[in-house]
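# A closer look at the structure
Chain by chain, the residues:
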Amino acid sequence: MSDRNYWLMKSEPDDYSIDDLKKDGETEWTGVRNYAARNYMRDDMKKGDGVLFYHSNISTPVIVGTMEVSKESHPDPLQFDPNSKYFDEKSTESEPRWQLVDVKFVQKFDKEVTRDQLKEDPILQDMELFRLARHSITPVREEEWKRLHELAEAEVK
């Protein structure tokens, strides 16, 4: 077993897509306003962890590629910006409520893996994605990470 942890992070492709990340190379994963997801970023996600990029809130949700945690937890700057939809008036610079991690692009899958494929696969049907469906970040087991790469016909990185 690897010391590396694995995650799934959701983004609506109209907000931020795998193509945006590929172009940018690296980004802060801003705007998470769910305490469980915040806690994963704050307490558990480490530099080098693998992340599945999941396009959500579309007619056919899909896993489209992978990224890697490139910088560990730090305050989400949008919580302090009164012009941002992610502004939090109760959050202060000395006691920030919301944390984020930075991620960097690793690969875009040539063959996307649909939510239905996940549900039908015996190795993937019990993913935390289904149990914690409303969470924007969920843990992924190493065997799930490997199986997803098989389905995507992609090199495990």
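Before going into details, it helps to say that this report is about the structure given with it. (Residues numbered from 1 in each chain as written. Predicted model: local features only at pLDDT ≥ 70, side-chain atom pairs only at ≥ 80, totals over all residues. Heavy atoms only, no water.)

So, about the pattern of salt bridges. On inspection of all chains with the given rule, the structure shows 14 salt bridges. One salt bridge connects Asp-121 with Arg-147, and the closest N-O pair in it is separated by 2.7 Å. Placement of Asp-121 in the loop between α3 (115-120) and α4 (128-131) and of Arg-147 in helix α5 (residues 142-151) is noted, with a sequence separation of 26 residues between them. On the basis of relative accessible area, Asp-121 is assigned to the buried category, the value being 7%. A relative accessible area of 21% means that Arg-147 is categorised as partly exposed. Measuring nitrogen to oxygen at the nearest pair gives 2.7 Å for the salt bridge that ties Arg-131 to Glu-128. With Arg-131 and Glu-128 both in helix α4 and three residues apart, this pair spans about one turn of that helix. For Arg-131, a relative accessible area of 61% corresponds to the exposed category. We classify Glu-128 as buried; its relative accessible area is 18%. Sharing partners across several salt bridges, the network here consists of Arg-4, Glu-68 and Lys-104. (Salt bridge = Lys/Arg side-chain N within 4 Å of Asp/Glu carboxyl O. Helix = DSSP H or I, 4+ residues; strand = E, 2+ residues; numbered from the N terminus. Buried < 20%, exposed > 50% of the residue type's maximum accessible area, 1.4 Å probe, protein only.)

A few words on α5. Buried residues of α5: Glu-142, Glu-144, Trp-145, Leu-148, His-149 and Leu-151, and no others. Taken from the residues just after α5, Glu-153 is the one with a positive phi, measuring 55°.

Our next topic: the pairing of strand β1 (residues 6-11). Taking burial as the measure, the six residues of β1 include six buried ones, the bulk of the element. Neither face of β1 is open: one carries Tyr-6, Leu-8 and Lys-10, the other Trp-7, Met-9 and Ser-11, and all of them are buried. As paired strands, β1 and strand β3 (residues 50-55) are joined by six bridges and run parallel to one another. When the bridges of β3 are listed, Trp-7 appears paired with Val-51. (Pairing = 2+ DSSP bridges.)

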